[in-house]
Amino acid sequence: MLPAIIAHCDWSIDARKRWMAVAIREGGGYRLAAPEPVGNTADLIERLAPRATEAGPLLLGFDFPIGLPVAYGVLTGLASFRHFLDVAGEGDWADWFRVAAVRQEISVSRPFYPARPGGTLRSHLFTGLGLDAADLLRQCERPAPGRATPAMLFWTLGGNQVGKAAITGWREIILPNRNRIGLWPFDGTLSGLLAEKAIVIAETYPGDAYGQIGIARQPVWSKRKQEGRLRATGFLHRWIAGRTRVNASALLPSLADGFGVDAAGEDRFDCTVGLLAMIDVVFGARPEGAPLPAPVTTWEGWILGRA
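Residues numbered from 1 in each chain as written. Predicted model: local features only at pLDDT ≥ 70, side-chain atom pairs only at ≥ 80, totals over all residues. Heavy atoms only, no water.

1. Side note on the packing of helix α8 (residues 226-241) against helix α10 (residues 265-282)
The line we're drawing: As a rule, the C-alpha atoms of each element are fitted with a line to give its axis, helices using only the stretch in contact, and angles between N-to-C directions run from 0 to 180 degrees. To qualify as a helix, a DSSP run of H or I must reach at least 4 residues; to qualify as a strand, a run of E must reach at least 2; elements of each kind are numbered from the N terminus. Any angle between 65 and 115 degrees counts as roughly perpendicular, while under 35 counts as roughly parallel, over 145 as roughly antiparallel, and the rest as oblique. Put simply, a crossing is left-handed when the front helix is turned counterclockwise from the back one by less than a right angle, and right-handed when it is turned clockwise. Any pair of residues with heavy atoms lying within 4.5 Å of one another is described as a contacting pair. Amino acids are sorted into nonpolar (Ala, Val, Leu, Ile, Met, Phe, Trp, Tyr, Cys and Pro), charged (Asp, Glu, Lys and Arg) and polar (every other residue, Gly among them).
Running from N to C, α8 and α10 cross one another at 20°; their axes reach a closest spacing of 12 Å. Here α8 lies roughly parallel to α10, going by the angle between them. Our pair here, α8 against α10, has a crossing hand that is left-handed. Counted together, R229, A232, L236 and W239 of α8 and G265, E266, F269, V273, L276, I279 and D280 of α10 form the full contact between these two elements. Partitioned by chemical class, the residues of the contact of α8 with α10 number seven nonpolar, one polar and three charged.

2. Brief notes about empty space enclosed by the protein
To locate leftover empty space, one rolls a probe as large as a water molecule over the atoms. Using the following cut-off: Only protein atoms enter the 1 Å grid used here. Points where a 1.4 Å probe fits but cannot escape make up a cavity, open sets with protein on both sides within 12 Å along at least five of seven lines make up a pocket, and a residue lines them when an atom lies within 4 Å of a point. Grid points are joined across faces, edges and corners, and a volume is the space filled by probe spheres set on the points.
The final tally for this structure, using the stated rule, is one cavity of 30 Å³ or more. Computed from the structure, the largest cavity encloses a volume of approximately 50 Å³. Secondary-structure elements contributing two or more residues to the lining of the largest cavity are α7 (206-212) and α10. Looking at which element gives the most residues to the lining of the largest cavity, the answer is α10, with four residues.

3. A word on the side chain of Q161
Defined as follows: For this analysis, a polar contact is any N or O atom pair within 3.5 Å, provided that within protein one partner can donate a hydrogen and the other can accept it, and provided that sequence-adjacent residues contribute only side-chain to side-chain pairs.
Summarising the element assignment, Q161 is placed in the loop between α4 (122-129) and α5 (163-177). Among the polar contacts listed, one links the side chain of Q161 to the backbone nitrogen of G163, at a separation of 3.1 Å. Setting aside residues no more than four positions away along its own chain, Q161 makes contact with A151, W155 and T156.

Given below as structure tokens:
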């Protein structure tokens, strides 16, 4: 079952920096739209669904972690990530989304740290949870040659931190919709979920998607600069030329100006790259990537398309 709509959202704790790229199925292919703001997340699914011109599920990719390191999962005493979603922010887990301000507040039920800089160390997190650095990386986040390594989930300081993005993403997207979505890969393979569910959500990572669609990082270029994005658009044109079932005419103006001169250009670029990588997985040009055995399907999850 091909999705009626594929959407990739480049996430941020700042709602103004959330951009998405959307592909709408037309026959056996997809028509791409120009990048657009995500807008209000409370009705995002309801706004996307009517844009479909053919029947089929919605496949949504989000650039924030979806899953927990298995070593931490064991500490919770719960059975799985799905089980955890039913209690997160409630009862004994009421403080789970509150970032610890000082090291003494770190616990299994309050693992995110620190709330602000100043006298904070990653070792405080390790001591507070009784885990080491390797324990706090999911398998899909561990270092691999030629790949950027995502930051550990619970650390919330620095430009590459993902903890606060996960907090907002889970609270705004995952938890409100958890009973009506197929959550890849926890609930099954991507093909199986697309055949069974009206809405499927997957974790993505633009830093990995660059390699998935063949964007070279040498010579070095910066996605934060328009000239760097212009250099990379040659690879996007090559991707488009090789995909006869993709109509990218609405995307061409964005490629021509490097996704704009303003600071949001990097967000428009990343949401687009993530969408192209998702399309390759949907068409079977690239495997979905997730190993099926536990703990990937019980606790940790996976980044879509990551080998």
